[in-house]
Amino acid sequence: MQSCIFITERNNCPIFPGGENPRIHWFQTRMANTDLPIRLPVVDSHTAGEPTRCVLALPDSGVGSVAQRLDHLRTRHDAWRRAILCEPRGSDVVVGAYLLPPEDKSHAAAVVFFNNTGYLGMCGHGMIGLAVTLAHLRRIQPGKHRLETPVGVVDILLHSPNRVTIRNVLAYRLRAAVTVLVPGYGPVTGDVAWGGNWFFLVGSHPFPLDIRQVEPLTAFTWAVRQALTAAGVTGTNDAEIDHIELYTAAHEPANHSRNFVLCPGKAYDRSPCGTGTSAKMACLAADGHLAPGQPWRQEGILGTVFEGSFKWAQDGTGIIPTITGSAYITAESTLLFDPADPFRLGVPE
Ligand code: PYC
């Protein structure tokens, strides 16, 4: 029974050393209706403080576009996501990255990002972390590479082992100044924007964006998210708005803004959030407050910075953001899933 494609390093394709026919290891380890192997190699990194776990072995991910393969992973292998990212092997904060063969062979790879509750369209900090991980593994060299995501192709420019620029998918503001009544807080007004994930961006709120305020910030942004759902405020095609972004003046004069971003699984983004910075620049561009090519330094809740800028999309539907940041490898490890371990599939929700 095929249970896992192990991305080996014994072949000559640097990203998929197994080449067109990656070596398939037939793990005789099917456990409790899952096909988890006993050993799973991962590389951990952090980008501006936010962790990414790149998984170097795959469940069978099906065929087709990255979006189709994401569906396959979600419906057939969701146990992997929980086992890899949830406690006791992971935490609510970590974003996982499955590295997949690209659909278009001229691209370097495809990637599906996931977290403690599900899957992400794109992930800016995760893409920077993945690029640094691939460089660490010597699977890419400094220069330009193209990666497929479920929501489009992202270009990366690896400047050095730790510094990366990504050119994100199209970002745009869908609705400006939407007001929702948030129980316990009153009316809250924000913009609905897409930056690779759906965001509600709120500038008018009573909170200092200070790391010591994480609990009230989390409670407020979670309440905003629930109020949006209750009010039926969504992204395109009824997509749930699952990222809430508060912003305020930067603490450092060199920066333009500071943010706090609540992620779908109720953890806050330790980084300035690449897709959130993209959504923010889309709103600024729509208001005429940021010009193409003008630098935008987005500070996150830890004070770390993503450097952004944009150009208009050719069809005028939005902007193409670029985001630059740094990531560092924190671990090369092997997750172990002992069949006798009652929590091998993660602590149940
Ligand atoms: O950097 O885009 C991002 C991101 C999304 C969720 C966590 N980080």
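Residues numbered from 1 in each chain as written. Predicted model: local features only at pLDDT ≥ 70, side-chain atom pairs only at ≥ 80, totals over all residues.

**Student:** Explain the pairing of strand β9 (residues 143–149) here, please?
**Tutor:** Where strand β7 (residues 109–114) lies against β9, two bridges are found, and the strand directions are parallel. Following the sheet pairing, Ala110 is matched in β9 by Glu148. Across seven bridges, β9 lies against strand β10 (residues 152–158) in antiparallel orientation. By the bridge assignment, Glu148 is partnered in β10 with Val153. Between β9 and β10, which follow one another and run antiparallel, lie two residues. (Pairing = 2+ DSSP bridges. Helix = DSSP H or I, 4+ residues; strand = E, 2+ residues; numbered from the N terminus.)

**Student:** Which parts of the structure should I look at to understand the site of the ligand?
**Tutor:** The immediate surroundings of the ligand are formed by Glu50, Val95, Cys123, Gly124, His125, Asn197, Cys263, Asp269, Ser271, Cys273, Gly274 and Thr275. Looking at the shell around the ligand, the elements that each hand over two or more residues are α3 (124–136) and α5 (274–286). The class makeup of the residues in the shell around the ligand is four nonpolar, six polar and two charged. (Near = placed C-beta within 6 Å. Nonpolar A, V, L, I, M, F, W, Y, C, P; charged D, E, K, R; others polar.)

**Student:** Would you mind showing me how to read α3 here?
**Tutor:** Spanning 13 residues, α3 covers 18 Å between terminal C-alpha atoms, matching the ideal 18 Å at 1.5 Å per step. Along α3, twelve of the 13 residues are buried, which leaves the element largely enclosed by surrounding structure. Among the residues of α3, those classed as buried are Gly124, His125, Gly126, Met127, Ile128, Gly129, Leu130, Ala131, Val132, Thr133, Leu134 and Ala135. Directly after α3, the chain includes Arg138, whose backbone phi takes a positive value near 60°. (Expected span 1.5 Å × (residues − 1). Buried ≥ 20, exposed ≤ 12 C-beta atoms within 10 Å, placed from the backbone.)

**Student:** Is there a simple way to think about the domain arrangement of the chain in this case?
**Tutor:** Looking at the chain, the domain boundaries give domain 1 (17–168 + 331–336) and domain 2 (172–317). Just the C-alpha atoms count here: the centres of domain 1 and domain 2 sit 25 Å apart. With 21 residues of domain 1 in contact, the opposing surface of domain 2 contributes 21 residues. For the side of domain 1 that touches domain 2, the element with the most residues is α3, which contributes four residues. Grouping the constituent residues of the side of domain 1 that touches domain 2 by class yields nine nonpolar, ten polar and two charged. (Domains from an automatic or database assignment. Contact = placed C-beta atoms within 7 Å.)

**Student:** Can you walk me through unusual backbone geometry in this structure?
**Tutor:** Across residues other than glycine, the phi torsion is negative in most instances, and most of the peptide bonds are trans. With omega at 10°, the peptide bond leading from Glu87 into Pro88 counts as cis. Mapped onto the elements of the fold, Pro88 is located in the loop between α2 (78–85) and β6 (95–100). Unlike most non-glycine residues, Asn237 shows phi in positive territory, near 55°. Residue position: Asn237 is located in the loop between α4 (214–231) and β15 (243–248). The exposed category is assigned to Asn237, around which 5 C-beta atoms lie within 10 Å. Residues other than glycine seldom take positive phi values, yet Lys266 does so here, at roughly 80°.

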